[in-house]
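Listed below, chain by chain, are the residues.
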Amino acid sequence: MAVHYCGLCRRSSFSGRRHLYSAGHRRRLREALERLQEEVAAARAAAAAAAAGGECGAVRPYDPAEHDRRVWCLCCGRGVRRDGRRGGMALPQAGLLRHLAGPEHRRETARFWREQRAETALRERVLVPAEEYERFAQGVERALAAHRRREEERIQQMAAAIRDAEQRQRETLQTEPEPGAGPPSGSPPAGAERDSSRDAEQPGPSGMQTRPDLNWMESGQALTFIGHQEAEGKGNVHTGAKPPWLTEEEEDGSKQQIGPSYEEFLKQKEKQKLKKLPPERVGANFDHTSQTGDSWLPSFGRVWNHGRRWQSRHQFRTESGEKKKKR
């Protein structure tokens, strides 16, 4: 029996094409077709809404995270972009409907049904008639035209608002008096205007907030220059003095050194190195500051003398009187 590979089950069968009629293959085929039929039903529902004049759902602002999704076409064996795109606008279900209504999908669907021995009644559920797609395309065009009209109206309203604001600004600049001209003939005196502005209350939670008095100086009154005020001491940045961080400190003998010296740092560093060594090592308790002479070296082994080790040992025993007499 020839080996048959099933792409739907992703396995090789040694029973030939009898695998197509097995319970496992029929169950996987039914589940895959149900998923595809759900996508096709959603696309056809969107097409019916667009053909009926639903302009809100036919056109949406383009969002890559939402409208770049792909749908797996079981018959063609490849992913198909679900939504279409027209400029900055997304067309929901437009890409999938265009694929389902195309001749390539219809041809691949016939081949898939023939190879998988699927039910013939389910074939039309994964196809979209060309007339239905044409009605969807016309509804999308109407929705795009309506969206363009709304955008143009919104832009015209914004432009009109900008023109009105510019016109009011020009009128305000034209009605303002020149700096050298006096106040208008019908205007109240400056003192009365100041008092009225001072008494005017601004809205607020406490009701006690007042507008800042900008007319605090009488008309014709000038300010008096009292001269530069010199501060006591070295001055400050306002009087032209040098900033304190740029002044050189006076060097005197009373200046103390901050922090440990370099010698103390080296000693502390050596102590840190000794802490890493085992505490029970040989010579751990040796006092390196004690004064010792040359006599501290051991002389019983004569290991520092010239010659062989056994000669030093015999010489040590001879001198100490511990060498036994020959028998």
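Residues numbered from 1 in each chain as written. Predicted model: local features only at pLDDT ≥ 70, side-chain atom pairs only at ≥ 80, totals over all residues. Heavy atoms only, no water.

Each helix and strand in the chain was counted, giving 9 helices and 7 strands. A buried classification covers 20% of the 327 residues belonging to the chain. For the chain, restricting intrachain contacts to residue pairs at least 6 apart in sequence, the fraction spanning at least 24 positions comes to 46%. Carbon and sulfur atoms make up 52% of the accessible area of the chain, which amounts to about 26600 Å² in all. (Helix = DSSP H or I, 4+ residues; strand = E, 2+ residues; numbered from the N terminus. Buried < 20%, exposed > 50% of the residue type's maximum accessible area, 1.4 Å probe, protein only. Contact = heavy atoms within 4.5 Å. Areas by Shrake-Rupley, 256 points an atom, 1.4 Å probe, with all protein chains shown as cover.)

With that out of the way, let us pick up the pairing of strand E5 (residues 78-81). As defined by bridge partners, strand E4 (residues 70-73) adjoins E5 across 4 bridges and the pair is classed as antiparallel. The residue bridging Arg70 from the neighbouring strand is Arg81, located in E5. What sits between E4 and E5 in their antiparallel hairpin is a turn of 4 residues, with Gly77 showing a positive phi close to 70°. (Pairing = 2+ DSSP bridges.)

The next point concerns unusual backbone geometry. The phi dihedral of Arg10 is positive, around 60°, even though this residue is not glycine. Here Arg10 lies in the loop between strand E1 (4-6) and strand E2 (11-13). Positive phi outside glycine occurs at Gln93, with the angle close to 65°. The exposure class assigned to Gln93 is buried, which follows from its relative accessible area of 10%.

Turning to the pattern of salt bridges, a few remarks are in order. In total, this model carries 10 salt bridges according to the counting rule given. For the salt bridge of Arg69 with Glu39, the shortest nitrogen-to-oxygen distance reads 3.2 Å. One end of the pair, Arg69, is in the loop between helix H3 (64-67) and E4; the other, Glu39, is in helix H1 (residues 23-51), with 30 residues separating them in the sequence. Of the residues examined, Arg69 reaches a relative accessible area of 37% and is grouped as partly exposed. The residue Asp68 makes a salt bridge to Arg81 at a minimum N-O spacing of 3.1 Å. Pair noted here: Asp68 is in the loop between H3 and E4 and Arg81 is in strand E5, with a separation of 13 residues, a long-range link. (Salt bridge = Lys/Arg side-chain N within 4 Å of Asp/Glu carboxyl O.)

On to helix H6 (residues 130-175). Relative to the 68 Å expected for 46 residues at 1.5 Å per residue, H6 spans 68 Å between its end C-alpha atoms, a close match to the ideal helical length. Residues of H6 that are buried: Glu132, Phe136, Gly139, Val140, Ala143, Leu144, Ala146 and His147. (Expected span 1.5 Å × (residues − 1).)

Bringing the nonpolar core into the picture now. The biggest cluster of nonpolar side chains holds 37 residues, and the ones touching the most others in it are Leu33, Val59, Leu74, Phe112, Trp113 and Phe136. At the level of secondary structure, the elements contributing two or more residues to this core comprise H1, E4, strand E7 (89-91), helix H4 (94-100), helix H5 (103-116) and H6. Ranked by the residues each element gives to this core, the list is headed by H1, at 8 residues. (Core = buried A, V, L, I, M, F, W, Y, C linked by side-chain atoms within 4.5 Å.)

What follows covers the packing of aromatic side chains. The final tally for this structure, using the stated rule, is 3 aromatic pairs. Relative to Phe136, the ring of Tyr133 lies with its centre 6.2 Å away and its plane at 40°, an arrangement referred to as tilted. Of the two residues, Tyr133 and Phe136 are both situated in helix H6; the distance of 3 residues between them amounts to about one turn of the helix. Pairing Tyr262 with Phe265 gives two aromatic rings, centres 6.4 Å apart and planes at 35°, and the pair type is tilted. (Phe/Tyr/Trp six-rings, centres within 6.5 Å; stacked < 30°, edge-to-face > 60°.)

Before going further, it helps to examine the packing of H1 against H6. At their nearest, the axes of H1 and H6 sit 8 Å apart, and the two run at 55° to each other. Regarding the angle of H1 to H6, the classification is oblique. Crossing handedness for the pair H1 and H6: left-handed. Touching Arg44, Ala46, Ala47, Ala50 and Ala51 of H1 are Glu132, Arg135, Phe136, Gly139 and Arg142, all from H6. Considered class by class, the residues forming the contact of H1 with H6 number 5 nonpolar, 1 polar and 4 charged. (Axes fitted to C-alpha atoms, helices over the stretch in contact; angles between N-to-C directions. Parallel < 35°, antiparallel > 145°, perpendicular 65-115°, else oblique. Left-handed = near helix turned anticlockwise from the far one by under 90°. Nonpolar A, V, L, I, M, F, W, Y, C, P; charged D, E, K, R; others polar.)

Tracing the backbone shows Arg82 in the loop between E5 and strand E6 (84-86). Only 3.2 Å separates the side chain of Arg82 from the backbone oxygen of Glu66, close enough to count as a polar contact. A distance of 3.1 Å separates a polar atom in the side chain of Arg82 from a polar atom in the side chain of Asp83. Ignoring anything within four residues of it in the chain, the contact list for Arg82 reads Glu66, Arg69, Arg70, Val71, Gln93, Ala94, Gly95 and Leu96. (Polar contact = N/O pair within 3.5 Å; in protein donor to acceptor, adjacent residues only side chain to side chain.)

On the secondary structure map, Gln93 appears in the loop between E7 and H4. For Gln93 and Ala47, which are 46 residues apart along the polypeptide, the C-alpha to C-alpha distance reads 7.8 Å.

On to a nonpolar patch on the surface. A surface patch of nonpolar side chains, about 330 Å² in accessible area, is lined by Tyr262, Phe265 and Leu266. By the element assignment, Leu266 lies in helix H8 (residues 262-275). The partly exposed category is assigned to Leu266, whose relative accessible area is 36%. (Patch = residues over 30% accessible without salt bridge, like charges linked within 9 Å, V, L, I, M, F, W, Y side chains within 5 Å.)

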